[in-house]
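# Commentary on secondary and tertiary structure
Chain residues, written in single-letter form:
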Amino acid sequence: MTKRARLLSVLGILAGGLFGLIASTQTWLDATINDGAAEPIHVAGADAIALMAPLSLAAIAAAITLAIAGVAFRYVLGALAVIIGAAMLVMNVRLITGASARDVAAAVTEATGIAGDSAIIAMVTELTLTPGVTVTVVAWLLIIAGGLLTLVTAKSWAASGKKYRTSTAGITHTGPLDKIDSWDDLSRGEDPTQSV
């Protein structure tokens, strides 16, 4: 179960972050404006929630780091994942329950050249949510679940492999050193010329 917990934690946070990053490029809102345009303005997730792409990238980085982190840092990364997922979930639910003209202001300004909250509020006549807004809630729940699983099971995970350790304990040379042994000594911060 320990290996599975680590794998599930990392994959949950990674999948949620990737899903969130992809969703940030998709249309979340269609804004109809009263300028006579037949087509509504399509607003991407990253335009509706400015922190969406950066926090999704932070979740991906946390998942990758979590794969090789020590015990103490696992708790930090698990807590970070829960915070990222919860923050994004709150912003996402707020958008689902009450999207406003302010959420599409940047996209409307880019499309029309008109800026200012009062002008944009007067211009936007209708906001339509796309299914992407609701579906992306799954991404934030995956990140939260991965973070919580990390916090609960982090202490029982096996230590990272030897290739991530820098300890020199138990390393002894018998016989003359070859070039590879000398490079290994240098990598550990030892002077290979002193051991001959």
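Throughout this description, residue numbers start from 1 for each chain and increase along the sequence as written. At least 70 in pLDDT is required for a residue's local features to be given in this predicted model, at least 80 for side-chain atom pairs to be given and counted, and no such filter applies to totals for whole chains, interfaces and linings, which use all residues. As a convention, hydrogens and water are excluded, and side-chain values are obtained from all of the structure's heavy atoms.

## A closer look at the overall build of the protein chain
Test applied: A run of H or I in DSSP becomes a helix once it reaches four residues, and a run of E becomes a strand once it reaches two; helices and strands are each numbered from the N terminus. Relative accessibility decides the category of a residue: with a 1.4 Å probe and only protein chains considered, values under 20% of the type maximum give buried, values over 50% give exposed, and everything between is partly exposed. Residues count as neighbours in contact if any of their non-hydrogen atoms are within 4.5 Å of one another.
Of regular secondary structure, the protein chain possesses 9 helices and 3 strands. From first element to last, N terminus to C terminus, the protein chain shows the α and β order α-β-β-α-α-α-α-α-β-α-α-α. Out of the 196 residues belonging to the protein chain, those deemed buried represent 34%. Across the protein chain, contacts joining residues at least 24 apart in sequence account for 71% of those joining residues at least 6 apart.

## Quick look at the sheet that holds strand β3 (residues 124-129)
Selection rule: For two strands to be treated as a pair, DSSP must find no fewer than two bridges joining them. Fitted lines through C-alpha atoms serve as axes, helices being fitted only where they are in contact, and the angles separating the N-to-C directions of these axes extend from 0 to 180 degrees.
Taken together, 3 strands build an open sheet; the order of strands is β2-β1-β3 and the sheet is antiparallel. In this open sheet, the two edge strands, each paired with only one partner strand, are β2 (41-44) and β3. Each strand axis lies, on average, 25 degrees off the axis of its neighbour in the sheet, ignoring direction. Bridge count for strand β1 (residues 27-33) against β3 is 5 bridges, and the pairing is antiparallel. Paired with threonine 32 across the two strands is glutamate 126, which belongs to β3. Helix α5 (residues 105-112) rests against β1, β2 and β3 of the sheet, and its axis sits at about 135 degrees to β2.

## Let's talk about the confidence of the model for the protein chain
Operational definition: pLDDT runs from 0 to 100 and stands for how confident the predictor is about each residue.
Predicted confidence across the protein chain gives a mean pLDDT of 83, with 81% of residues reaching 70 or more. Here helix α9 (residues 179-187) stands out as the element of the protein chain with the lowest mean pLDDT, 68, in contrast to helix α3 (residues 52-66), whose mean of 95 is the highest.

## Remarks on the side chain of arginine 6
Rules: Pairing of N or O atoms within 3.5 Å defines a polar contact, subject to two protein rules: one partner must be a possible hydrogen donor and the other a possible acceptor, and residues neighboring in sequence count only if both atoms are side-chain atoms.
Mapped onto the secondary structure, arginine 6 falls in helix α1 (residues 2-23). Side-chain polar atoms of arginine 6 contact the backbone oxygen of alanine 67, separated by 3.3 Å.

## Observations concerning the packing of α3 against helix α4 (residues 71-98)
Our working rule: Note that the term roughly parallel is reserved for angles under 35 degrees, roughly antiparallel for angles over 145, roughly perpendicular for angles of 65 to 115, and oblique for everything else. A clockwise turn of the near helix away from the far one marks a right-handed crossing, whereas an anticlockwise turn of less than a right angle marks a left-handed crossing. Under the scheme applied, nonpolar residues are Ala, Val, Leu, Ile, Met, Phe, Trp, Tyr, Cys and Pro; charged residues are Asp, Glu, Lys and Arg; polar residues are all the others, including Gly.
Put simply, α3 and α4 touch, their axes get as near as 10 Å, and they point 155 degrees apart. The orientation of α3 relative to α4 falls into the category roughly antiparallel. Between α3 and α4 the crossing geometry is left-handed. Residues Met52, Leu55, Ala58, Ala59, Ala62, Thr65 and Leu66 of α3 lie in contact with α4, whose contacting residues are Phe73, Arg74, Leu77, Leu80, Ile84, Met88 and Met91. Counted by class, the contact of α3 with α4 contains 12 nonpolar, 1 polar and 1 charged residues.

## Observations concerning the pairing of β1
The element β1 is extensively covered by neighbouring structure, given that 5 of its 7 residues are classed as buried. The pairing of β1 with β2 spans 4 bridges and is classified as antiparallel. Looking at the pairing, leucine 29 lines up with valine 43 of β2.

## Re α5
For an α-helix the count is 3.6 residues per turn, leaving residues at separations of three or four pointing the same way. Put simply, the test is: As used here, the arc belongs to the directions running from the helix axis to the C-beta atoms.
Buried residues of α5: Ala105, Ala107 and Val108, and no others. Seen along its axis, α5 keeps its buried residues to an arc of 165 degrees; they face one direction. Contact partners of the buried residues in α5: β2, α6 (117-123) and β3. Downstream of α5 by a residue or two, glycine 113 has a phi angle that is positive, lying close to 85 degrees.

## Quick word on the environment of isoleucine 84
When you line up the elements, isoleucine 84 lands in helix α4. Exposure remark for isoleucine 84: the relative accessible area of 5% places this residue in the buried category. C-alpha of isoleucine 84 to C-alpha of isoleucine 143: the two residues are 59 residues apart in sequence and 7.6 Å apart in space. Leave out the neighbours within four places in its chain, and isoleucine 84 touches Leu55, Ala58 and Ala59.

## Some words on the environment of proline 40
Within the secondary structure, proline 40 sits in the loop between β1 and β2. Accessibility expressed as a relative area gives 25% for proline 40, which makes it partly exposed. Separated by 86 residues in the primary sequence, proline 40 and glutamate 126 place their C-alpha atoms 9.1 Å from one another. Setting aside its immediate chain neighbours within four residues, proline 40 contacts Asp30, Ala31 and Thr32.

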